[in-house]
Amino acid sequence: MPRDALTEDTILPLLCDRRIRWRVHAYGSIVSTNDTAKRLAISGAPEGTLVVAETQTGGHGRRGNVWESPPGGLWFSFVLRPHLPPDRAGGLSVVAAVAVARTVIDLVGPSARIKWPNDIFVGGRKLAGVMVVSAGEGALVVGVGVNANVPERELPDPKWYEATSLLREAGESCDRAALLARILAEFESRYFAYRGPGHAELMEEWRRLSLVIGEAVTATVGDETVQGTVFGLEDDGGVVLRLADGRHRKLLPTGDVTLSVRK
Ligand code: BT5
């Protein structure tokens, strides 16, 4: 068992006295914390149900993209019941991305940025990914993958995509239960603000942390390739590109879209 094992005993004491009442389901190996959290949500699990695993055998990102989940990472998902209209619920992936980015910035400095829609990048490499899926009536599942104490040799093959870890960036390993508790604290404060009057402030914070605003990007939208400059990020989570002919084109994070910054 790793020194900073993720168990109910190591995690729960760090989550006392929080506004969300956290309930921890900790696993060694699991197919996907998202799949398990979704199942629990559909069978009625309350807000704050948290599923965490040392490794995942079938971790996935948006639209079934593979999420590699070696030991040493922080892979978790949790259930929300936000009572928000559907058009506002989409913004919760912004809440989660900002929470992870803020935590990563505290650990590795301000070079950590959010690459639209919700990837956390450091030095051109992906360190963490966030996604939000619906899970039955009124429930959402937030899934977060952070390459925490993942040594360079265990990171995804750079032949396919460039990844980094907190260990690689900070030069030392962290306590993953404490990391999880920090991310959840950052999440909780913004979650309650987002549901109340703090909505505009959150969106500003998201824009300030963005890696893509003003950058020349290439977007793949299904089979189509679109090139442009990022003009802005909208409150519904969409990105607006200015195309070469001056027209604007808006892309939504829910679509089959990938964005890369042109060098
Ligand atoms: C995401 O998807 O970035 C959201 C990933 C969420 C993963 C968490 S882990 C806990 C929970 N359980 C799950 O099964 N999922 C969630 P997306 O934007 O689709 O990005 C996926 C892409 O990131 C892949 O296609 C790869 O290019 C890249 N990738 C895969 N594994 C990676 C890793 N460990 N580190 C960095 N990049 C990775």
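Throughout this description, residue numbers start from 1 for each chain and increase along the sequence as written. Owing to the predicted nature of the model, reporting of local features is limited to residues with pLDDT of at least 70; listing and counting of side-chain atom pairs is limited to 80 or more, with chain, interface and lining totals taken over all residues. Side-chain measures here rest on the full set of heavy atoms in the structure, leaving out hydrogens and waters.

Draft legend 1. The arrangement of unusual backbone geometry in detail. In the segment running from W116 into P117, the intervening peptide bond is cis, with an omega of 0°. Runs of E in the DSSP output that reach at least two residues are strands. Runs of H or I that reach at least four are helices, and both are numbered from the N terminus. Here P117 is to be found in the loop between β4 (113-115) and β5 (119-122). A positive phi angle is found at D17, which is not glycine, with a value near 55°.

Draft legend 2. Quick look at the domain arrangement of the protein chain. As assigned here, the protein chain comprises domain 1 (8-209) and domain 2 (216-261). Domain ranges listed in this record stem from an automatic or a database domain assignment. A C-alpha centroid distance of 24 Å is found between domain 1 and domain 2. The buried area of a pairing is the accessible area, by a 1.4 Å probe, that goes missing from both parts when the two are put together, added over both. Summed over both partners, the interface of domain 1 with domain 2 buries about 1100 Å², with 56% contributed by carbon and sulfur atoms. Summed over the three residues of domain 1 that lose the most area to domain 2, namely R63, W116 and R207, the buried surface amounts to 54% of that side. In what follows, salt bridge is the name for a side-chain nitrogen of Lys or Arg lying within 4 Å of a carboxyl oxygen of Asp or Glu. Here domain 1 is connected to domain 2 by 2 salt bridges. Here D235 and R207 are joined by a salt bridge, their closest N and O atoms 2.8 Å apart.

Draft legend 3. Region of interest: the site of the ligand. Surveying the vicinity of the ligand reveals 25 residues, the closest of which are S32, H60, R62, N65 and K126. Residues adjacent in sequence count toward polar contacts only when both atoms are side-chain atoms; beyond that, a polar contact is any pair of N or O atoms within 3.5 Å, and within protein one must be able to donate a hydrogen and the other to accept it. Between the ligand and N34, the relevant distance is 3.4 Å, taken from a nitrogen atom to a main-chain nitrogen or oxygen of the residue. Interatomic distance of 2.8 Å between a backbone N/O atom of E68 and a nitrogen atom of the ligand. In these tables, accessible area is a Shrake-Rupley quantity obtained with a 1.4 Å probe, and a residue counts as shielded only by the protein chains included in the view. For the ligand, the accessible surface in isolation is 800 Å², of which the surrounding protein chains cover 93%. When atom positions are compared with the pocket grids, the ligand is found to occupy the largest pocket. Looking at the shell around the ligand, the elements with two or more residues in it are α2 (33-42), β3 (74-80), β6 (125-134) and β7 (140-146). Any residue with a heavy atom positioned within 4 Å of a molecule or strand is treated as near that molecule or strand. A pocket, in this scheme, is an open set of points on a 1 Å grid over the protein atoms alone with protein on both sides within 12 Å along at least 5 of 7 lines, while a cavity is a set where a 1.4 Å probe fits but cannot get out; residues line either one if an atom lies within 4 Å of a point. Those molecules having more than half of their atoms within 2 Å of a cavity or pocket grid point set are described as sitting in that cavity or pocket.

Draft legend 4. Representation of helix α6 (residues 176-195) in the model. Helix span is expected to be 1.5 Å times the residue number reduced by one. When the terminal C-alpha atoms of α6 are compared, their 28 Å separation across 20 residues agrees well with the 28 Å that a helix rising 1.5 Å per residue should span. By the N-cap criterion, in which a side-chain oxygen at the helix start approaches the backbone nitrogen of a residue two or three places on, α6 is capped by D175, the distance to A177 being 3.0 Å.

Draft legend 5. Region of the structure containing the sheet that holds strand β2 (residues 49-56). Note on pairing: DSSP must find at least two bridges between two strands before they are called paired. Reading across from one edge, β1-β2-β3-β7-β6-β5-β4 is the order of the 7 strands in this open sheet, with mixed pairing throughout. Of all the strands in the sheet, just β1 (23-30) and β4 have a single pairing partner and so form its edges. Taken over all neighbouring pairs, the strand axes of this sheet differ in orientation by 20° on average, direction set aside. Where β5 meets β6, 4 bridges bridge the pair, whose relative direction is antiparallel. Paired with I120 across the bridge in β6 is A128. Strands β3, β4, β5, β6 and β7 of the sheet are contacted by helix α4 (residues 92-108), whose axis makes an angle of about 155° with β6. Most of the contacts of α6 go to β3, to which it runs at about 35°, and overall it touches β2, β3 and β7. Axes here mean lines fitted to C-alpha atoms, for a helix over just the part in contact, with angles spanning 0 to 180 degrees between N-to-C directions. Note on contacts: a residue pair is in contact if any heavy atoms of the two residues lie within 4.5 Å.

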